[in-house]
Protein chains: 2
Amino acid sequence: MPLTPIPYTHVAFSDSFWTERIRINRESTLPTIYKQLKQTGRLAAWEGWKKGDPNPPHVFWDSDTAKWMEGAAYSLAQHKDKKLERTLDGMIEQLATLQTKDGYLNSHFTQVEPKKRWTNLRDQHELYCAGHLMEAAVAYFESTGKRSFLDIMCRYADYIDACFGPEKGKLRGYCGHEEIELALVRLYRATNEPRYLKLAQYFVEERGRGKISWGAHPKSKQRYANYFDLEAQARGDDPAAFWAKSYEYLQAHKPVREQDQVVGHAVRAVYLYSGMADLDLLGANNGDPFLPTLEKLWSHVTARRMYVTGGIGPSASNEGFTTDYDLPDETAYAETCAGIGLIYWAHRMLQLTSDGRYADVLERALYNNVLAGVSADGKLFNYVNPLASRGVHHRKTFFSCACCPPNIVRLLASVGNYFYSTSNDGVWVHMYAQSDVHIDSYGLQIQQRSGYPWDGAVALALRLEQASEFVLHLRIPEWCESSLVRINGGDVELGAAQMIDGYLHIRRHWQDGDVVTLNLDMSVQLMNANPAVPQTLGRVAVQRGPLVYCVEQIDNDANLDQLLISREAEFTETTADNGTLRLHTSALRASGAGWDEQLYRSAEPKYKRTEIVAVPYCDWDNRGQGEMRVWLRALPMT
Amino acid sequence: MPLTPIPYTHVAFSDSFWTERIRINRESTLPTIYKQLKQTGRLAAWEGWKKGDPNPPHVFWDSDTAKWMEGAAYSLAQHKDKKLERTLDGMIEQLATLQTKDGYLNSHFTQVEPKKRWTNLRDQHELYCAGHLMEAAVAYFESTGKRSFLDIMCRYADYIDACFGPEKGKLRGYCGHEEIELALVRLYRATNEPRYLKLAQYFVEERGRGKISWGAHPKSKQRYANYFDLEAQARGDDPAAFWAKSYEYLQAHKPVREQDQVVGHAVRAVYLYSGMADLDLLGANNGDPFLPTLEKLWSHVTARRMYVTGGIGPSASNEGFTTDYDLPDETAYAETCAGIGLIYWAHRMLQLTSDGRYADVLERALYNNVLAGVSADGKLFNYVNPLASRGVHHRKTFFSCACCPPNIVRLLASVGNYFYSTSNDGVWVHMYAQSDVHIDSYGLQIQQRSGYPWDGAVALALRLEQASEFVLHLRIPEWCESSLVRINGGDVELGAAQMIDGYLHIRRHWQDGDVVTLNLDMSVQLMNANPAVPQTLGRVAVQRGPLVYCVEQIDNDANLDQLLISREAEFTETTADNGTLRLHTSALRASGAGWDEQLYRSAEPKYKRTEIVAVPYCDWDNRGQGEMRVWLRALPMT
């Protein structure tokens, strides 16, 4: 049953958790990143750069600026800001001056390497930048109704469409960094221009086709050569000299429909899968849905290659995937952008299938991996999100490769997108947070009252223009081991509610003022990883509701692996000044007393009892730099 | 009480452990490395290289070749081999052709960069190569009585002496990679030329002096500038651009007498300390012994920065030391050469102090870290010696930086050096192995009969030319928790034996035919690391006698961290075909049964009972590549 998401513009948060984060995103993160875009020369890159000037525009700068603009556009839709809008209009005017007559637009290639356009799709992020500019243009159009940016990007999309495709005379290529696929779908949705959808479909279907002339790659049935090989040869490069050593790095090692393992660069992978899901949602798949492939890929990543925080891609060397069950904690890459991309993909899979397992992962990645990507004051950012730190890791103001900070901006500015959907038979509540949502197609407003994510009690008051029968679908999260639903204070009638794929379906003739209460058990859980994961054996992660917890040095002293917790530990809860719920329990700590300057001995270290404090992982590194650890050593009960 | 080591030439092994290793070293490793020296161009480098030829001699190639020659010389002393001797003579002739009239000798700088002599002592290994050539020359002279190589190196030493020193007109420098200090002491011992000893002393005393103009370094009391700064400036380089970012890397961050922490590149450090101990042994210290400094450095490394295998230097980034208690297992560098250097240093400290703690570490490094450096067939080598492997690590045939393989050759060919010493009051037995030793100064032969290292029972039969009173000093290893000594089957008389610093001193009027038996308890021990080591908390290392054990995939399946052993585990022993003793015990293994494709869950994994097999760490990776682990998860008894 395909779903239609309720856009963020229809969702008004009134909780402390999201309301505050959205405010900080708008008031602190947006201006902080704008300052960085300016300081690093990214804005100047649109104002004209000439040979000999210092600081030439880098190949992916346009994408950083575009993501910030997209986030700013979402913000404007919820919170008018004339100054910000003028800033954006000015940037759009500057951008327009860079567009060449044929429609091409890229601050690096028009100014720095004008002769190298389309000569290295594998490495140079050209179409990736185009995609992010398209997303920003659509967001700005939808937010302000102004067409200027959209028109610029339609001209560019028209030019790209004239350059790429299977037709004779066109380049049969696609981008090394996926993004344009999902962006073209957005542009199609905004413009109804079918060529954009067709082009997105071409980029997806063409990917990884053609025979690769080097490396240990499966033989393709295609007669023609792989595009990246041809392109490298045309540049005079040896295709086999590709630094990543395999086209797995960019998911072009075989045609996408033949891919059944998530491999390579994590952000690229999930952006591709998001685009594939988009095509299925629009039926743009030649009658051969991508869903079976996407389901295989989803099962693979979530069953073998995902951190308990929802982070993906453990390795810095390829910013991506390694081998099954390889999930080191201290060296985890788990890039913020990859978590965001996983949310995009999960959201699309959820609309495609109405299966709660996608919402479960979306919630896990959002509340943990992704929220850890930004500091409480909105001014510092994580590119990588390790699950343990010896005290070296700390958020930074910006990065030379600055994909993550503006990606956080656009996600948080539109986070309302992920909470509600509609279907032919009713309304879907995917996540819980105190908020009011307007669902026009059902003449419905839901007033959700909840202390989520700190409290599992949720009340949904339905305000209806007129009473009507439909199904209310309430997600029961996978982490919730017991739940109770009541309608207007009474039990739900037998047969009126049904659990399907993680959602409670309640069919009813709803009246204005009906109140559904849901109680989700939010007891602390000690999570274990599959014993095939070598790095977490004998360890547990503390989880409460959607939040994974960690211990930090500031609360628990250094050398956190000296701690040993019981699997029957009882936790007490306190609420910190910033509203976050902290967990307290008694643990053991290995003591160095009596060891003096001895390094090895046969007698076991003594343990002494100690009190420990755990805080939400998303909130770590907000009280000074220090050690942190998610996976704690636990006494086996065996 | 200073000791004098009995040289390897006086020790004849008749055990299976060392006899076999020495044979393989001679029959397999020596020719294997010779072939590599040839194939890689290292031999051709001495036969004349001209501008435009491929494969120019590298700056440290001379040292690789020299170490192989040194090992070959030791081998010749025990096992005549005319062909090998002719090979060496031919190499020495070639080497002679490279020596310039002034005495300078370096295959790289004479042929590739003739104008760059002495312009970059910091990085270019010039004096380091000289040192290794000197050691080889001394070994060849002592082994064969032939002076040719020695004469070449004396001429070079004379030239170096003319170039370096505090006197006006000389360069006030020293080598970035220590080695020449201990080599000059050897050359002095072989030639009695006091200038060589004085030069060694200069190189040591000068090191780290002078004000460093960059970085966070302590202010030196010296008025003049640090040599490496001046040298870099003379090249037109910015001293602060030194890649290692600190002269700690090469132990030149402050004068050696002010150093109290082992820092930087591990091999360099222990070669320096060996040279310092040599100077103390010869009283060449201006009346101010290096010993207090060396004792501080020794305590620091052995109490905070040494693996249970005796490996040192955890980090690949500097091939050296990091911070106190940082001892990661899977990524341990623990270079074979650093272990060998630690043996050199320990051996000198032992002679200087007669304190068994130096022999304890010598034995630990030798039997574990260093022996793991070569495969059972003598043909494959470890540069790094991790304490855990996910199956990626495997010994290699050679390395572009090939310091370790020939270092193993020379160590094993002269391993008899480390077993016995004499002092004014008697004879010292440092290590145990079935062997006959001739101790001329006491008119004594000791026939040691033992199954060591597999069996702790040792019988020492004393063959004396004439009965005499002296002290027999028997080391009681630190790992031994109970020992029993008998003389001619009877108890040792009260007062006749005394334990001092790890040695049992038995003063007696010894008769020809006296037999001392020593029983060292060799029960399996589960070793714990100091709880300040983050990487080994909750883990134990299996040790039996001097040998650290490990588990390997071939015996115990993959994912070795699924294993959980009891601290009260009882071990049984079997002897493998190759003579090594294997340990067997019952353990628990976390089971993936029932997890299917689940990655996280709140229920603890089930454990099932399993039998495990441990093999000596020095013997790992000899039966195919696979996982390995020294530190095993252990159930706390707390």
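Just so you know, these numbers come straight off a predicted model, no measurement behind them. (Residues numbered from 1 in each chain as written. Chains lettered and ligands numbered in written order. Predicted model: local features only at pLDDT ≥ 70, side-chain atom pairs only at ≥ 80, totals over all residues. Heavy atoms only, no water.)

**Overview of helix α12 (residues 336-353) of chain A**
- In this model α12(A) runs 26 Å from its N-terminal to its C-terminal C-alpha over 18 residues, within 8% of the 26 Å that 1.5 Å per residue would give.
- The first or second residue beyond α12(A) is Ser354(A), which carries a positive phi of 50°. (Helix = DSSP H or I, 4+ residues; strand = E, 2+ residues; numbered from the N terminus. Expected span 1.5 Å × (residues − 1).)

**Some points on the relation of the copies chain B and chain A**
- By a simple turn and slide, chain B fits onto chain A: the slide is 0.1 Å along the axis, the RMSD is 0.1 Å, and the turn is 179°. One copy is carried onto the other by what is essentially a two-fold rotation axis. If distances are taken from each C-alpha of chain B to the rotation axis, the shortest is found for Leu635(B), at 3.8 Å. (Least-squares fit on C-alpha atoms with pLDDT ≥ 70 in both.)

**Observations concerning the packing of aromatic side chains**
- The full count for this structure, using the stated rule, is 78 aromatic pairs over all chains.
- Here Trp18(B) and Phe419(B) contribute two aromatic rings whose centre-to-centre distance is 6.3 Å and whose plane-to-plane angle is 85°, an arrangement assigned as edge-to-face. Remark: Phe419(B) occurs in the loop between α14 (404-413) and β4 (420-423) and Trp18(B) occurs in helix α1 (residues 17-39); sequence separation between them is 401 residues. Neither Trp18(B) nor Phe419(B) differs from the other in exposure class; each is buried.
- Within the aromatic cluster, the residues linked to one another by ring pairs are Phe13(A), Phe17(A), Trp18(A), Tyr367(A), Phe419(A), Tyr432(A), Tyr452(A), Trp454(A) and Trp479(A).
- Across from the ring centre of Tyr104(A), 3.8 Å away, lies the NZ or CZ of Arg117(A), which sits over that ring. (Phe/Tyr/Trp six-rings, centres within 6.5 Å; stacked < 30°, edge-to-face > 60°. Buried < 20%, exposed > 50% of the residue type's maximum accessible area, 1.4 Å probe, protein only. Lys NZ or Arg CZ within 6 Å of the ring centre and 35° of its normal.)

**Quick word on the sheet that holds strand β7 (residues 444-450) of chain B**
Residues and elements named next belong to chain B.
- Strand order in this open sheet of seven strands is β2-β6-β7-β8-β14-β10-β11, and the pairing throughout is antiparallel. Of all strands in the sheet, those bounded by a partner on one side alone are β2 (11-13) and β11 (490-491).
- Pairing between β7 and strand β8 (residues 457-464): seven bridges, direction antiparallel. If you follow Gln448 over to β8, its bridge partner there is Leu460. (Pairing = 2+ DSSP bridges.)

**Points about the side chain of Thr580(B)**
All names here are of chain B.
- Relative to the elements of secondary structure, Thr580 occurs in the loop between β19 (572-575) and β20 (581-590).
- Within the local environment of Thr580, its side chain forms a polar contact with the side chain of Asn578, the two groups lying 3.0 Å apart.
- Residues within four places of Thr580 in sequence aside, it is in contact with Trp454, Thr574, Thr575, Pro616 and Asp619. (Polar contact = N/O pair within 3.5 Å; in protein donor to acceptor, adjacent residues only side chain to side chain. Contact = heavy atoms within 4.5 Å.)

**Thoughts on the pairing of strand β15 (residues 524-529) of chain B**
- Here β15(B) lies mainly inside the structure; five of its six residues are buried.
- Of the strand pairs in this sheet, strand β21 (residues 600-601) of chain A and β15(B) are connected by two bridges, and their pairing is antiparallel. Residue pairing in the sheet places Arg601(A) in a bridge with Asn528(B) of β15(B).
- Alignment of β15(B) against strand β16 (residues 539-544) of chain B, held across four bridges, turns out to be antiparallel. The residue bridging Val524(B) from the neighbouring strand is Arg544(B), located in β16(B).

**Some details on the sheet that holds strand β12 (residues 497-500) of chain B**
Residue and element names in this part refer to chain B.
- Strand order in the open sheet made by the six strands is β1-β4-β5-β9-β13-β12, with mixed pairing throughout. The open sheet terminates on both sides in strands that have one partner only, identified here as β1 (4-5) and β12.
- As paired elements, β1 and β4 share two bridges and run antiparallel to each other. Bridge pairing links Pro5 to Ser421 in β4.
- Against the sheet, helix α13 (residues 356-370) contacts β9 (468-475) and β13 (503-510), and its axis sits at roughly 50° relative to β9. (Axes fitted to C-alpha atoms, helices over the stretch in contact; angles between N-to-C directions.)

**Quick look at the interface of chain B and chain A**
- Facing the 53 residues of chain B at the interface are 53 residues of chain A.
- Summing the contributions of chain B and of chain A, the shared interface buries around 4100 Å²; its carbon and sulfur component is 54%.
- When the buried surface of chain B facing chain A is broken down by residue, Pro531(B), Leu599(B) and Tyr600(B) rank first, second and third, together holding 18% of it.
- Counting every contact that joins chain B to chain A gives six salt bridges. (Buried area = accessible area lost by both parts, 1.4 Å probe. Salt bridge = Lys/Arg side-chain N within 4 Å of Asp/Glu carboxyl O.)

**Notes on the pattern of salt bridges**
All names here are of chain A.
- Under the defined criterion, the tally for this structure stands at 98 salt bridges over all chains.
- Between Asp151 and Arg147 there is a salt bridge, with its nearest N and O atoms 3.2 Å apart.
- Note on Arg147: relative accessible area 41%, which makes it partly exposed.
- As a salt-bridge pair, Arg544 and Glu573 come within 2.9 Å of each other at their nearest N and O atoms. Of this pair, Arg544 sits in strand β16 (residues 539-544) while Glu573 is found in strand β19 (residues 572-575), placing the two residues 29 residues apart along the sequence.
- The partly exposed category is assigned to Glu573, whose relative accessible area is 43%.
- Bridged by salt links that share partners, the residues Glu20, Arg23, Arg26 and Glu27 form one connected network.

**Overview of the domain arrangement of chain A**
- Domain boundaries in chain A define domain 1 (33-250), domain 2 (255-413), domain 3 (421-520) and domain 4 (524-635).
- For domain 1 of chain A and domain 4 of chain A, the distance between their C-alpha centroids amounts to 44 Å. (Domains from an automatic or database assignment.)

**Some thoughts on the environment of Thr353(B)**
Residues and elements named next belong to chain B.
- With respect to the helices and strands, Thr353 occurs in helix α12 (residues 336-353).
- On the accessibility criterion, Thr353 (15% relative accessible area) is buried.
- Between the C-alpha atoms of Thr353 and Pro2, which are 351 residues apart in sequence, the distance is 5.9 Å.
- What Thr353 contacts, discounting residues up to four positions off in sequence, is Met1, Leu291, Glu295 and Tyr358.

**Some thoughts on unusual backbone geometry**
- With an omega of 5°, the peptide bond running from Tyr452(A) to Pro453(A) counts as cis.
- In this fold, Pro453(A) is placed in the loop between β7 (444-450) and β8 (457-464).
- The backbone of Asn559(A) shows a phi angle near 60°, a positive value even though the residue is not glycine.
- Tracing the chain through its elements places Asn559(A) in the loop between α15 (553-556) and β18 (563-564).
- Phi angles above zero are rare outside glycine, and Asp557(B) is one such case at about 65°.
- Tracing the chain through its elements places Asp557(B) in the loop between α15 (553-556) and β18 (563-564).

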